[in-house]
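The lines below spell out each chain.
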There are 2 protein chains.
Amino acid sequence: MSIKLYSFWRSLATHRVRIALALKGVTPDEVVTIDLTKGDQHGAAYDAVNPMHALPTLVDGDGPPLVQSLAIIEYLDETRPDPPLLPADPRGRARVRSLALMVAADAHPLMVPRVREYLERELGVPEAARTAWCRHWIATALGALERRLSGEAGTGRFCHGDAVSLADICLVSQVAGAGFFSVDTTPYPSVRRIAEACSAIEAFATAHPLRQPGAPTTA
Amino acid sequence: MSIKLYSFWRSLATHRVRIALALKGVTPDEVVTIDLTKGDQHGAAYDAVNPMHALPTLVDGDGPPLVQSLAIIEYLDETRPDPPLLPADPRGRARVRSLALMVAADAHPLMVPRVREYLERELGVPEAARTAWCRHWIATALGALERRLSGEAGTGRFCHGDAVSLADICLVSQVAGAGFFSVDTTPYPSVRRIAEACSAIEAFATAHPLRQPGAPTTA
């Protein structure tokens, strides 16, 4: 079965799915670039694939398009179980999913293009304040992650024990977002330590936004 | 094992967990009210339970507190599998989770208290524009749900076939949020139809925000 990924280098949700694919050893047969800076996501071609006009979308074989990064990653984990991206025990799974949702639900949706556009067009928020908005929610999430990761017994070399999980995927995408918005990550040493441990893994390194087609050569 | 739920009548994330508990036939042994309108979530007592100062938190027996509504519901589904809240097939599970995330990640985090407070205090957005903001994201999510539910073959009596799932739980919480903000749901007939089918189920009816302690007698 062929795998097609609709992607954009800067999309943090796509970044998460790229990491999961790489960890599973799955290379998409086709990567379709949807340039969010040009509004490609609102075009008729992509509308037929993803009526929410959001990234990413994954098409696995002849199935309908799969959307929402966490739902896609859980699907990949269920259909390609090796290596697992969730622990086996329900409490561990709940901990990993809750760490992941702190990024993918509490923080990231506040800084996606449609929200920044609403702030600009409907509320007249100037660019500096829009950037401060993004930085605030990135820092809030990093601070909350740091507090949990530094205080909870479940933390190991990675977010949950010594195996990579969905939580690490989300943490790494959040740290990449911090880079885009020049948020200092020094106050979050556990987050930094885990992000560095991940970046030493080939699957994380190749999935990085700045290594994708269309990315600027400097951040 | 005793179950303790930290709750507030108006919290839509807690609403979701209440529905799941009721569907599973689980009655919390203790419900602790965290009054979001009084800032109870920022108090020292709750900080020790949930350092993110968000609702809900579920404590199941002697385990550490469980946070993030979707992670809690998946945990409940794994530890109390009857009735299941996710279909058995990976594509069906991905569809249900993606519908759920359209509410719990794309829409709801944009209208929680901390975001409305930032709009007011940091950006000086007046009350009418803050309400318009909430209405906009509620309507955007309802429109996206409507488009998928009316167009996808997987939709049945409920969001996915004829059995209640995590997607219905999230849909119902979104419709409750529409009620709080007086968003007209007439343009979303599939959403309305499914919400009405859910409201005929006792577990959904008893979990409704307006039937919780502290709720106003009229919406």
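Please read all numbers here as calculations on a predicted model, not as lab measurements. (Residues numbered from 1 in each chain as written. Chains lettered and ligands numbered in written order. Predicted model: local features only at pLDDT ≥ 70, side-chain atom pairs only at ≥ 80, totals over all residues. Heavy atoms only, no water.)

Peer 1: Looking at this structure, how should I read the interface of chain A and chain B?
Peer 2: Note on interface size: it is often stated as the accessible area lost on association of the parts. Listed as interface residues are 44 residues of chain A and, on the opposing side, 44 residues of chain B. When chain A packs against chain B, close to 4000 Å² is buried across both sides, 64% of that on carbon and sulfur atoms. Across the contact surface, chain A and chain B share eight salt bridges. For the pair chain A and chain B, the number of links is 14 residue pairs in polar contact (both at pLDDT 80 or more). Those elements giving two or more residues to the side of chain A that touches chain B turn out to be strand S4 (66–67), helix H3 (69–79), helix H4 (90–104), helix H5 (113–121) and helix H6 (127–151) of chain A. (Contact = heavy atoms within 4.5 Å. Buried area = accessible area lost by both parts, 1.4 Å probe. Salt bridge = Lys/Arg side-chain N within 4 Å of Asp/Glu carboxyl O. Polar contact = N/O pair within 3.5 Å; in protein donor to acceptor, adjacent residues only side chain to side chain. Helix = DSSP H or I, 4+ residues; strand = E, 2+ residues; numbered from the N terminus.)

Peer 1: Would you explain the sheet that holds strand S4 (residues 66–67) of chain B in this entry?
Peer 2: In a beta sheet, neighbouring strands pair by backbone hydrogen bonds and run either parallel or antiparallel. Spatial ordering of the open sheet is given by S2-S1-S3-S4 (chain B), a layout of four strands whose pairing is mixed. Looking at strand neighbours, the two that pair on one side only are strand S2 (30–33) and S4 of chain B, the edges of this open sheet. (Pairing = 2+ DSSP bridges.)

Peer 1: What's the story with the pairing of strand S3 (residues 57–60) of chain B in this structure? I'm lost.
Peer 2: A regular strand places its side chains on the two faces of the sheet in alternate fashion. All names here are of chain B. Neither face of S3 is open: one carries Thr-57 and Val-59, the other Leu-58 and Asp-60, and all of them are buried. Of the strand pairs in this sheet, strand S1 (residues 3–7) and S3 are connected by four bridges, and their pairing is antiparallel. Looking across to S3, one finds that Lys-4 is bridged to Val-59. Bridging between S3 and S4 involves two bridges; their strand directions are antiparallel. In the sheet register, Leu-58 faces S4, and the bridge partner there is Leu-66. In this antiparallel pair of consecutive strands, S3 and S4, the connection spans five residues, and Gly-61 shows a positive phi of 65°. (Buried < 20%, exposed > 50% of the residue type's maximum accessible area, 1.4 Å probe, protein only.)

Peer 1: Is there a simple way to explain the packing of H5(A) against helix H6 (residues 127–151) of chain B in this structure?
Peer 2: If you want to describe how two helices pack, look at the angle between their axes and the distance between the axes. Relative orientation of the contacting elements H5(A) and H6(B) amounts to 145°, with a least axis distance of 12 Å. The element H5(A) and its partner H6(B) pack so that their crossing is right-handed. When H5(A) is examined against H6(B), the residues Arg114(A), Val115(A), Tyr118(A) and Leu119(A) are found in contact with a partner set consisting of Ala132(B), Trp133(B), His136(B), Trp137(B) and Thr140(B). Among the residues making up the contact of H5(A) with H6(B), the classes are represented as six nonpolar, two polar and one charged. (Axes fitted to C-alpha atoms, helices over the stretch in contact; angles between N-to-C directions. Left-handed = near helix turned anticlockwise from the far one by under 90°. Nonpolar A, V, L, I, M, F, W, Y, C, P; charged D, E, K, R; others polar.)

Peer 1: Where do I start with the relation of the copies chain A and chain B in this structure?
Peer 2: Superposition of the two copies of the chain requires a rotation about an axis together with a shift along that axis. Once turned by 180° and shifted 0.0 Å along the axis, chain A lies on chain B with an RMSD of 0.0 Å. What we have between these two chains is a two-fold relation. Across chain A, the rotation axis passes nearest the C-alpha of Ala105(A), at a separation of 2.0 Å. (Least-squares fit on C-alpha atoms with pLDDT ≥ 70 in both.)

Peer 1: Please clarify how the packing of aromatic side chains should be interpreted in this entry.
Peer 2: The geometry of an aromatic ring pair comes down to the distance between the two centres and the angle between the two planes. The full count for this structure, using the stated rule, is 13 aromatic pairs over all chains. The interplanar angle of 80° and the centroid separation of 5.7 Å between the aromatic rings of Trp133(A) and Trp137(A) together place this pair among those described as edge-to-face. Pair noted here: Trp133(A) and Trp137(A) are both in helix H6, with a separation of four residues, about one helical turn. Just above the ring of Phe180(B) sits the side chain of Arg10(B); from NZ or CZ to the centre is 4.6 Å. It is Arg10(B) that lies over the ring of Phe181(B); its NZ or CZ is 5.7 Å from the centre. (Phe/Tyr/Trp six-rings, centres within 6.5 Å; stacked < 30°, edge-to-face > 60°. Lys NZ or Arg CZ within 6 Å of the ring centre and 35° of its normal.)

Peer 1: I would appreciate a short explanation of the confidence of the model for chain A in the present structure.
Peer 2: Low pLDDT means the predicted coordinates in that region are not meant to be read closely. Here chain A averages 95 in pLDDT, and 99% of its residues register 70 or above. For this predicted complex, the interface confidence comes out at an ipTM of 0.96, alongside a pTM of 0.97. (pLDDT = per-residue confidence, 0-100.)

Peer 1: In this structure, what is going on with helix H8 (residues 189–199) of chain B? I would like to understand it.
Peer 2: Residues three or four positions apart in an α-helix share a direction because the helix packs 3.6 residues into each turn. Residue and element names in this part refer to chain B. Among the residues of H8, those classed as buried are Ser-190, Val-191, Ile-194, Ala-195, Ala-197 and Cys-198. Looking down the long axis of H8, one finds its buried residues gathered within 160° of arc, a one-sided arrangement. On its buried face, H8 is in contact with H6, helix H7 (166–180) and helix H9 (202–207). (Arc of directions from axis to C-beta.)

Peer 1: Got a minute to help me understand the nonpolar core in this structure?
Peer 2: Across soluble globular proteins, nonpolar side chains have a tendency to be buried as a group. In terms of nonpolar packing, the biggest core is built from 157 residues, with Trp133(A) and Trp133(B) touching the most fellow members. The residues touching Trp133(B), leaving out its near neighbours within four places in the chain, are Val115(A), Tyr118(A), Leu119(A), Leu123(A), Trp133(A), Leu110(B), Val115(B) and Leu119(B). (Core = buried A, V, L, I, M, F, W, Y, C linked by side-chain atoms within 4.5 Å.)

Peer 1: Help me understand the pattern of salt bridges in this model?
Peer 2: Between side chains of opposite charge, a pair can form when the charged atoms approach closely. Within this structure, the stated rule accounts for 24 salt bridges over all chains. Asp47(B) is the partner of Arg147(A) in a salt bridge, and the nearest nitrogen-oxygen pair spans 2.6 Å. Taken as a pair, Arg147(A) in helix H6 and Asp47(B) in helix H2 (residues 44–49) lie in two separate chains rather than in one. Classification of Asp47(B) as buried rests on a relative accessible area of 19%. One salt bridge in this structure joins Asp60(B) and Arg80(B), with 3.0 Å as the shortest N-O distance. Separated by 20 residues along the polypeptide, Asp60(B) in strand S3 and Arg80(B) in the loop between helix H3 (69–79) and helix H4 (90–104) bring together distant segments of the chain. One continuous salt-bridge network, built from bridges that share partners, spans Glu74(A), Glu78(A), Arg93(A), Arg97(A), Glu74(B), Glu78(B), Arg93(B) and Arg97(B).

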